[in-house]
Amino acid sequence: MHGHDDANLAASTIAVSAGRPKRSPDAPLNAPITMASAFIPGGNSGYGRHGNPTFNSFETVLGELEGGRTLAFASGMAATTAVFELVPAGGIVVAPQGAYNGTLTQLADRARRKTIKLRLVDITNTAEVTNASKDAALVWVESPTNPTLELADIKAISKAASATGAAIAVDNTFATPLRQKPLDLGADIVVHSASKLLSGHSDVILGAVVTNDDRLFNALAKQRESLGSIPGALEIWLATRGIRTLHVRLDRAEANAREIYARLSKTKDIVHPRYPGFGTIVSFEVKAGADIAQKITETSELITYTTSLGGVESTWERRRRIPSEPTTVPESLIRLSVGIEHVDDLWDDIVFALKIAR
Ligand SMILES: *Cc1c(COP(=O)(O)O)cnc(C)c1O
């Protein structure tokens, strides 16, 4: 592009332009969905579990946004699993006590089977994290955490860990590369649930890992092939389409989230509103307790009562209704995923739901 280095392009421009098919007469503007389990020998794919040309657009655009090389996985948990598989037998894993429940469930299971040793830490306490990391194989960071929205000092944690040889992986699902670039902050691996903001329309389950370390990239590629945790061509195509609008969706949903947080902070029926200053998730507790909180989520008409997050439509749920949710999450905590609707309509719905449950 006019001799410019792609690395100097704004993230919004990369989101729109990276990973397009090469321009030539009659080449399509978007990569086609390739439905094939086998390919003619001599290229990179060969067999569908080893790769598929539909992966390239998504892996290129997310890689350029994060500043590394990307591997797409069947889900966020499949991506997470591939990273955990790199920990040597009996190796120490440090992880946030407030991490995503699927991550904690898998770590606890591995610890129970003694394939790893698990150290849960307060990820906001950098001294505690770096202390626990000294003899660790892997430091798993999630920031902001789901659903309590705690922030980690990724730069300080990475710096301390690189001195001791621990690998640092960051679950960047809530921030997206538009708000936080862990590889630039010194992390070794970025993990995404692309089911959330990257895809953005609540119609895809997909995951990804990104790294700029060739040894880790090759090891993770081998895990994907061995575990068979590859995405489907349709899912990855939809996720690429989602990333094309990530910046505009994120800007709008974030502005809405900031405004809703400000209004919630002045609302007397709720306590401990949480918002990390960026992103699209707002969490809060209900003064009247868990049953009323549950009722509130079931009362809204515009905001959908459901799990997951990061879609164009607003959703909410009381997280502790899910039995595997860690007990560190308050019983009455509602996690609100703010969408791109008009903020006043969302606010009216919140006020309506809070009132009816009183
Ligand atoms: C949803 C989520 C995951 C798991 O991703 P899936 O795509 O559902 O497998 C991991 N981490 C965070 C922070 C999440 O929100």
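Refer to the structure above for everything that follows.
The rules behind each value
- Residues numbered from 1 in each chain as written.
- Predicted model: local features only at pLDDT ≥ 70, side-chain atom pairs only at ≥ 80, totals over all residues.
- Heavy atoms only, no water.
- Phe/Tyr/Trp six-rings, centres within 6.5 Å; stacked < 30°, edge-to-face > 60°.
- Helix = DSSP H or I, 4+ residues; strand = E, 2+ residues; numbered from the N terminus.
- Buried < 20%, exposed > 50% of the residue type's maximum accessible area, 1.4 Å probe, protein only.
- Lys NZ or Arg CZ within 6 Å of the ring centre and 35° of its normal.

## Section: the packing of aromatic side chains
What the rule picks out here adds up to three aromatic pairs. Aromatic pair Y261 and Y275: ring centres 5.8 Å apart, planes at 35 degrees, arrangement tilted. In this pair, Y261 is assigned in helix α9 (residues 246-264) and Y275 in the loop between β8 (270-274) and β9 (281-286), connecting sequence segments 14 residues apart. Residue class for Y275 comes out buried when judged on its relative accessible area of 13%. Over the ring of F217 we find R69; its NZ or CZ atom is 3.7 Å from the centre of that ring. The ring of Y100 carries K196 above its face, with NZ or CZ at 5.4 Å from the centroid.

## With respect to unusual backbone geometry
In this model, S143 is joined to P144 through a cis peptide bond whose omega is -10 degrees. Structurally, P144 can be placed in the loop between β4 (138-142) and α6 (154-164). Omega for the bond connecting N146 with P147 falls within 30 degrees of zero, at 10 degrees, which places this linkage in the cis form. Here P147 lies in the loop between β4 and α6. In this structure, D26 takes a positive phi of about 70 degrees despite not being glycine. For D26, the location among the structural elements is in the loop between α1 (11-17) and α2 (55-66).

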